[in-house]
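Survey of secondary and tertiary structure
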Amino acid sequence: MNLSKSKIVSLGIQHVLAMYAGAVIVPLIVGAGIGLTGEQLTYLVSIDIMMCGIATFLQVYQNKFFGIGLPVVLGCTFTAVGPIIAIGNQYSVGSIYGAIIASGLIVVIISKYFSKLVKFFPPVVTGSVVTVIGVTLIPVAMNNLAGGQGSSNFGAVENVLLGFGTLLFILAIFRFFNGFIRSIAILLGILAGTLAASFMGMVDFSAVKEASWFHLPKLFFIETPEFHIMPIVTMTLVAIVSLVESTGVYFALSDICEKKINEHDIARGYRSEGIAIVLGGIFNAFPYTTFSQNVGLLQLSGVKSKNIIYTAAGMLVLLGLVPKIGAFTTIIPSSVLGGAMVAMFGMVIASGIKMLGQVDFSSQENLLIVACSVGLGLGVTVVPEMFGDLPASLRILTDSGIVLGSLTAVLLNLVFNVLKIGQSKYLLQKQQKVS
């Protein structure tokens, strides 16, 4: 399909808009969770947007070593939010970036072999993991909707009204619009909520005034990396979960683009993500993974040209070089973000349930895998102090509902469905009873 330059640019802008809200919400949540200054938060948002563009280019550009070669957009993964905040609070901000760099290198090393292990991550595992991610992030959304945990006006009427007003605006867009407008409903909701908040005197524009018009990325701007075993293990688990999610996106895109992918293509895709994760750590940003919302936009537009994604990647890099744009996102009130998060994280839960729809629930083993992984993930999130007496090194694993729930799903699937431990003995006992 021959596309004019104007159409390529307009479609590129659509892809940027579709992923922008998801890309900036992660640094805003993490920045607040680990106590970054306004200057650091502005840098974090800007460098994150720029790295989304670089990560996308690495994935779309295919060669012998890296790149899936499909029209995929990458952004920072929601899976990492809880673990990153936990590492930052229990160890240090430097430990976050050391763990990100190390996990990226591990992904690069294991990519060739992990592409052979995808069969060990069936829908019962991936669906449970995605559901746990959504469920454990909902408390973050609700705390923000109320004004931000620890804020002086937590639970104030104006915060609750603003948060639910933002959510209702997003729902109204979904109800009355279709196509592209619906695909950027979250972004429009955040813009409308912030505008309303400015009329209520709840927006401080000083960060935008103080931000510069241009900057270049700096190595280790926020903190120099530190390397500790448990944070590295945690972020490696996060990276592996992201690889499993990305695999589904790869196959979805291969169907849309009518291009078959094989084991070697998948390995190159994983390798691209590993390189992007390493770069994210070096520039004090985040781990990166495929964004499924852009897959939906491809289906809506029906245009599958990689040139459009290259254009979107270039736009993201340019946006990341302008701190004033990044500063605009830091002035969004917590309650507005909270309202948008309820919709976004709720959609994550819905995606997990959709994946679980492919599972054979006539099997008691599958029911137990879902029950225990979601139950433990939610339980730890609701009652985080239950593992309070464990050593800090172990609590990085137990305090994160996402990590604990994911580990539970993977291990129980190995026991019940892969290794089938104890099953032969059970069948033998059953046969003896029948005879």
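One structure accompanies this document, and this report is about it. Small disclaimer: the values here were computed from a predicted structure and weren't measured. (Residues numbered from 1 in each chain as written. Predicted model: local features only at pLDDT ≥ 70, side-chain atom pairs only at ≥ 80, totals over all residues. Heavy atoms only, no water.)

Considering the arrangement of structural elements, one finds Ala340 in helix H15 (residues 334-356). Ala340 sits 153 residues away from Leu187 along the chain, and the two C-alpha atoms are 8.5 Å apart. With residues up to four places along the chain from it excluded, the contact list for Ala340 reads Thr166, Ile170, Ile186 and Ile190. (Helix = DSSP H or I, 4+ residues; strand = E, 2+ residues; numbered from the N terminus. Contact = heavy atoms within 4.5 Å.)

What follows deals with the packing of helix H2 (residues 38-60) against helix H11 (residues 263-282). One way to put it is that H2 packs onto H11 with a least axis distance of 9 Å and a crossing angle of 155°. One finds that H2 runs roughly antiparallel with respect to H11. The element H2 and its partner H11 pack so that their crossing is right-handed. Where H2 approaches H11, its residues Met51, Ile54, Ala55, Leu58 and Gln59 are matched on the opposing element by Arg268, Gly269, Ser272, Glu273, Ile275, Ala276, Leu279 and Gly280. Of the residues in the contact of H2 with H11, the class split is 7 nonpolar, 4 polar and 2 charged. (Axes fitted to C-alpha atoms, helices over the stretch in contact; angles between N-to-C directions. Parallel < 35°, antiparallel > 145°, perpendicular 65-115°, else oblique. Left-handed = near helix turned anticlockwise from the far one by under 90°. Nonpolar A, V, L, I, M, F, W, Y, C, P; charged D, E, K, R; others polar.)

With 109 residues, the main nonpolar core has Ile25, Ile84, Ile190, Met235, Phe286, Tyr288 and Phe345 as its most contacted residues. Beyond its immediate chain neighbours, meaning those up to four positions away, Tyr288 contacts Ile47, Asp48, Met51, Cys52, Ala55, Leu74, Gly75, Cys76, Glu273, Ala276, Ile277 and Gly280. (Core = buried A, V, L, I, M, F, W, Y, C linked by side-chain atoms within 4.5 Å. Buried < 20%, exposed > 50% of the residue type's maximum accessible area, 1.4 Å probe, protein only.)

This part takes up the side chain of Thr56. Turning to its location among the elements, Thr56 is positioned in helix H2. Here Thr56 falls in the buried class, since its relative accessible area comes to 1%. For Thr56, the side chain forms a polar contact with the main-chain nitrogen of Leu74, separated by 3.0 Å. Those residues in contact with Thr56 that sit more than four places away from it in its chain are Val72, Val73, Leu74, Ile309 and Ala313. (Polar contact = N/O pair within 3.5 Å; in protein donor to acceptor, adjacent residues only side chain to side chain.)

Turning next to the packing of helix H16 (residues 364-382) against helix H18 (residues 401-418). The geometry of a pair of packed helices is captured by two quantities: the angle between their axes and the separation between those axes. Interhelical geometry of H16 versus H18 gives an angle of 160° and a closest axis separation of 8 Å. Relative to H18, H16 is oriented roughly antiparallel. The crossing of H16 and H18 is right-handed. For the pair formed by H16 and H18, the contact residues are Glu365, Asn366, Leu368, Ile369, Cys372, Ser373, Leu376, Gly377, Val380 and Thr381 on the first element and Gly401, Leu404, Gly405, Thr408, Ala409, Leu412, Asn413, Phe416 and Asn417 on the second. Looking at the contact of H16 with H18 residue by residue, the classes come out as 9 nonpolar, 9 polar and 1 charged.

A few words now on the pattern of salt bridges. Counted according to the given criterion, the structure contains 1 salt bridge. Among the ionic pairs, Arg268 bridges to Asp265, the shortest N-O distance being 2.3 Å. Of this pair, Arg268 and Asp265 both sit in helix H11, 3 residues apart, roughly one helical turn. Judged by relative accessible area, Arg268 falls into the buried class, the value being 14%. Judged by its relative accessible area of 8%, Asp265 is buried. (Salt bridge = Lys/Arg side-chain N within 4 Å of Asp/Glu carboxyl O.)

Glancing now at the packing of aromatic side chains. Under the definition given, this model contains 5 aromatic pairs. Geometrically, the ring pair formed by Phe57 and Tyr61 is stacked, given 5.7 Å between the ring centres and 5° between the ring planes. Assessed through its relative accessible area of 41%, Phe57 is described here as partly exposed. We classify Tyr61 as partly exposed; its relative accessible area is 39%. Between Phe65 and Phe66, the aromatic rings sit 6.3 Å apart at their centres with planes inclined by 90°, giving edge-to-face as the arrangement. Classification of Phe65 as partly exposed rests on a relative accessible area of 43%. Pairwise contacts between aromatic rings join Phe57, Tyr61 and Tyr310 into one cluster. (Phe/Tyr/Trp six-rings, centres within 6.5 Å; stacked < 30°, edge-to-face > 60°.)

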